[in-house]
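Each chain is listed here by its residues.
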Amino acid sequence: MDVRTYIDGLLARAEQSPLFGDKAFPGLYPVYRDLQLLRAKVEQPLHAAIIGEVKAGKSTLINAFAGGDISPTDATETTACIMKIAYSPEEKAVLHFRDGTEREGSVSDIYSLLEEHHNDQDFFGHCDYVEVGRNLQGLRHICLIDTPGLETITTANESRTTDYFQSVDVVLWVFNGNYLGQSDVNERVRQVAQMGKPIVAVINRIDQVDGDPQDLVDYLDDSLGIYLEEIFPLSARKAYEGVMQADQQLRDESGFTDLYTYLDEHIERHVDDVQLDSIMKSARVLEDKMKLLHRQALDQIERKLHTYMELDEQIQYNGKMLSEKALSQTREWLLHTFLSRAEGALYSQIGSGNAFSSSSQDEFQQTLRQVLSQERIRSEIEGYLQQLSETIRSDWQGRLSGIDAELSHMYEQEQEKNQMEMARLSLSMQENTGMESVKNSVLAAGAAGGALSIYSAVVAPAAAHVTLGAAVSTIMPPVLLAGAAVGLVTGYARSRKVKTQQRQQVREVLGMVRDKTGATLLPALKTYLEEICQATQTEAKRDFVEKNFAGRSVQDLQQLVEQLKQIVRQDEADLRVLD
């Protein structure tokens, strides 16, 4: 298939995707942007990046290729600014800033401006790249990109340097012959190799190294040969002098002739074939990424909808467990704790008093009225309910946080799986066109556990809708029966019953109060727990939709799922046809 037609088809598919232009799905746009870059590259010359550590001699090598002082031998390294060197009928230079503005002038003017801001990171933080145009025949089919020295690459310009590699077809990696084998340099070579870009190694400064240059070539081949297309020992200084002096012998001695011939035969002569092959490989990777993005988005949206549908069941189950625990605890309290102090005080009064003494009877009646007064009973019930309310709140939050942790772990595992799938795709294809599309490939609308924090966050709002105070007001009327109980017990006292009979009557009366209280408290408590469970369900589902559905309704997402299913089915059908 024609490369242009193939990429145009991918661009159309991206534009027709339901995820295209949606801020909730940022992973698709970087892929679309990279496809646009590839489409533009079809009409552009081959791009070659020059990269290496500081003082490796990149700028000198560029000047040798250009046949003139096109790149200052220290400006790029000290300013850490990317330079794009291309053919132009008229010589010019343009400094492009990140905000879209630019500064145009002569090559010397722009270089002077860069030198004025030497090591000014704030200034260069606003710079994007420098475009240099020269009327040199060697640049008609090759665009050279001079990148910052590895040691001067900051976090900001490292990202810009990586972005430029998206449009690079060949990398000329300049090594300092005096410092081969540096682990950080070797690691960067491996990273660039994973982008699928052919790397031609240049071991520079061999005129400064004792021994046979072939030993350096063998050493580099042993350590990094798997990532390199070819290795050339070179003296960029001698090469530049040979070019400028038109000294062919000096050019040959420098190693520049061998390098130039290799590039001429393998790059310039077959520039269209090499470039189109590189573009086609990159486009295929981007197509696979686009398919993977659609499948991952479908999986995650379905997971979100499934979780939403399960909220009721999960909360109801945990609410039932909480209700059983709270009701059981309250039954135990009614049976063993409620009125136990009153019971002890009355038994003590009976045990120490004279059942036939008028004063003892009066004291007993007074004690009875005090311990069974509405104020005492209300205070005891309210104290228990306050304690119970805190217990319920703590237990409820613990249960819901447990659900939160479980589902959060599930979502984190899914996100890690998606990222690994995308990373394996890039590595398996030896391509990395648009690392940002890998980083942002996972659905951003609440992709991981943090978006599920509604489970613990809704406890307070839900509890605010219902309180145990309402339960207290429904309990108090039956407690007023305690007043009648006082009359009942005192009546037996006046009939001069013995102490054992008094104790029995106290147990019966207190049992009656406990039964009446339980008959009202337990149903009221059960209703309270059901209401807080329902309020939590309502609050949780509302909050879950708000945090995870990116402004969409359940119906909107269900419709999106159907659209994505259709796309995924078509992708799978296309794959079967290819197989």
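About the thresholds
- Residues numbered from 1 in each chain as written.
- Predicted model: local features only at pLDDT ≥ 70, side-chain atom pairs only at ≥ 80, totals over all residues.
- Heavy atoms only, no water.
- Salt bridge = Lys/Arg side-chain N within 4 Å of Asp/Glu carboxyl O.
- Helix = DSSP H or I, 4+ residues; strand = E, 2+ residues; numbered from the N terminus.
- Buried < 20%, exposed > 50% of the residue type's maximum accessible area, 1.4 Å probe, protein only.
- Phe/Tyr/Trp six-rings, centres within 6.5 Å; stacked < 30°, edge-to-face > 60°.
- Polar contact = N/O pair within 3.5 Å; in protein donor to acceptor, adjacent residues only side chain to side chain.
- Pairing = 2+ DSSP bridges.
- Core = buried A, V, L, I, M, F, W, Y, C linked by side-chain atoms within 4.5 Å.
- Contact = heavy atoms within 4.5 Å.
- Axes fitted to C-alpha atoms, helices over the stretch in contact; angles between N-to-C directions.
- Parallel < 35°, antiparallel > 145°, perpendicular 65-115°, else oblique.
- Left-handed = near helix turned anticlockwise from the far one by under 90°.
- Nonpolar A, V, L, I, M, F, W, Y, C, P; charged D, E, K, R; others polar.
- pLDDT = per-residue confidence, 0-100.

S.K.: Can you break down the pattern of salt bridges residue by residue, with the values?
M.R.: Going through the model one piece at a time under the given rule, you end up with 20 salt bridges. A salt bridge links Asp207 to Arg237; its shortest N-O distance comes to 2.9 Å. Of this pair, Asp207 sits in the loop between strand E8 (199–204) and helix H9 (213–224) while Arg237 sits in helix H10 (residues 236–244), and the two are 30 residues apart along the sequence. Overall, Asp207 belongs to the partly exposed group, its relative accessible area being 30%. A relative accessible area of 42% places Arg237 in the partly exposed class. With its nearest N and O atoms 2.5 Å apart, the salt bridge here joins Arg399 to Asp395. Of this pair, Arg399 and Asp395 are both found in helix H16 (residues 374–428), four residues apart, which corresponds to roughly one turn of the helix. In the salt-bridge network here, residues are joined through shared partners; they are Arg13, Glu287, Lys291 and Asp571.

S.K.: Can you explain the packing of aromatic side chains? Please cite residues and give values.
M.R.: What the rule picks out here adds up to nine aromatic pairs. Taken together, a centroid distance of 5.1 Å and an interplanar angle of 85 degrees make the contact between Phe123 and Phe124 edge-to-face. By relative accessible area, which is 14% here, Phe123 ends up buried. One aromatic cluster in this structure is built from Phe97, Phe123 and Phe124.

S.K.: Which residues make up the side chain of Glu287, and what values do they have?
M.R.: Checked against the element boundaries, Glu287 lands in helix H13 (residues 271–336). For Glu287, the side chain forms a polar contact with the side chain of Tyr6, separated by 2.4 Å.

S.K.: Describe in detail unusual backbone geometry, supporting the description with residues and values.
M.R.: Notably, Ala246 is not glycine yet its phi reads approximately 55 degrees, a positive angle. One can find Ala246 in the loop between H10 and helix H11 (248–254). Ala246 gets classed as exposed once you look at its relative accessible area, which sits at 68%.

S.K.: Which residues make up the pairing of strand E4 (residues 102–105), and what values go with them?
M.R.: Every regular strand shows the same layout, with side chains that alternate between the two sheet faces. The sheet contact formed by strand E3 (residues 92–97) and E4 spans four bridges and is antiparallel. Of the residues in E4, the one forming a bridge with Leu95 is Arg103. A loop of four residues connects E3 with E4, the two strands running antiparallel in sequence, and Gly100 in this loop sits at a positive phi of about 100 degrees.

S.K.: Any chance you could break down the nonpolar core for me, citing the residues and the numbers?
M.R.: Formed by 44 residues in total, the largest nonpolar core has its most connected members in Leu61, Leu95, Leu144 and Leu259. Not counting residues up to four positions away in its chain, the partners in contact with Leu61 are Val174, Val202, Leu234, Ala236, Phe256 and Leu259. Core analysis: the next-biggest nonpolar cluster, separate from the first, contains 37 residues, Ala342, Val371, Ile377 and Ala540 among them.

S.K.: Residue-level account of the packing of helix H14 (residues 340–352) against helix H22 (residues 499–548), with values.
M.R.: If you want to describe how two helices pack, look at the angle between their axes and the distance between the axes. The interhelical angle for the contact between H14 and H22, taken along N-to-C directions, is 165 degrees, at an axis separation of 10 Å. On the basis of their axis angle, the class for H14 and H22 is roughly antiparallel. In terms of crossing hand, the pair formed by H14 and H22 is right-handed. Facing H14, whose interface residues are Ser340, Glu343, Leu346, Tyr347, Ile350 and Gly351, H22 presents Lys499, Gln502, Arg503, Val506, Arg507, Leu510 and Arg514. Residue classes in the contact of H14 with H22 are distributed as five nonpolar, three polar and five charged.

S.K.: I'd like a rundown of the environment of Ser340, residues and numbers included.
M.R.: Looking at the secondary structure, you find Ser340 in helix H14. C-alpha of Ser340 to C-alpha of Leu510: the two residues are 170 residues apart in sequence and 9.1 Å apart in space. With sequence-adjacent residues up to four places away left out, Ser340 is seen in contact with Glu380 and Arg514.

S.K.: Talk me through the confidence of the model for the chain; I want residue IDs and the actual numbers.
M.R.: Here the chain averages 77 in pLDDT, while 77% of its residues score no lower than 70. When mean pLDDT is taken per element in the chain, strand E9 (residues 230–233) scores highest with 94 and helix H17 (residues 435–439) scores lowest with 36. In the predicted structure, residues 428–457 sits below a pLDDT of 50 and forms 98 contacts with residues beyond four places in sequence or in another chain. Residue range residues 491–496 is modelled with pLDDT below 50. Its contacts to residues more than four positions away, or to other chains, number eight contacts.

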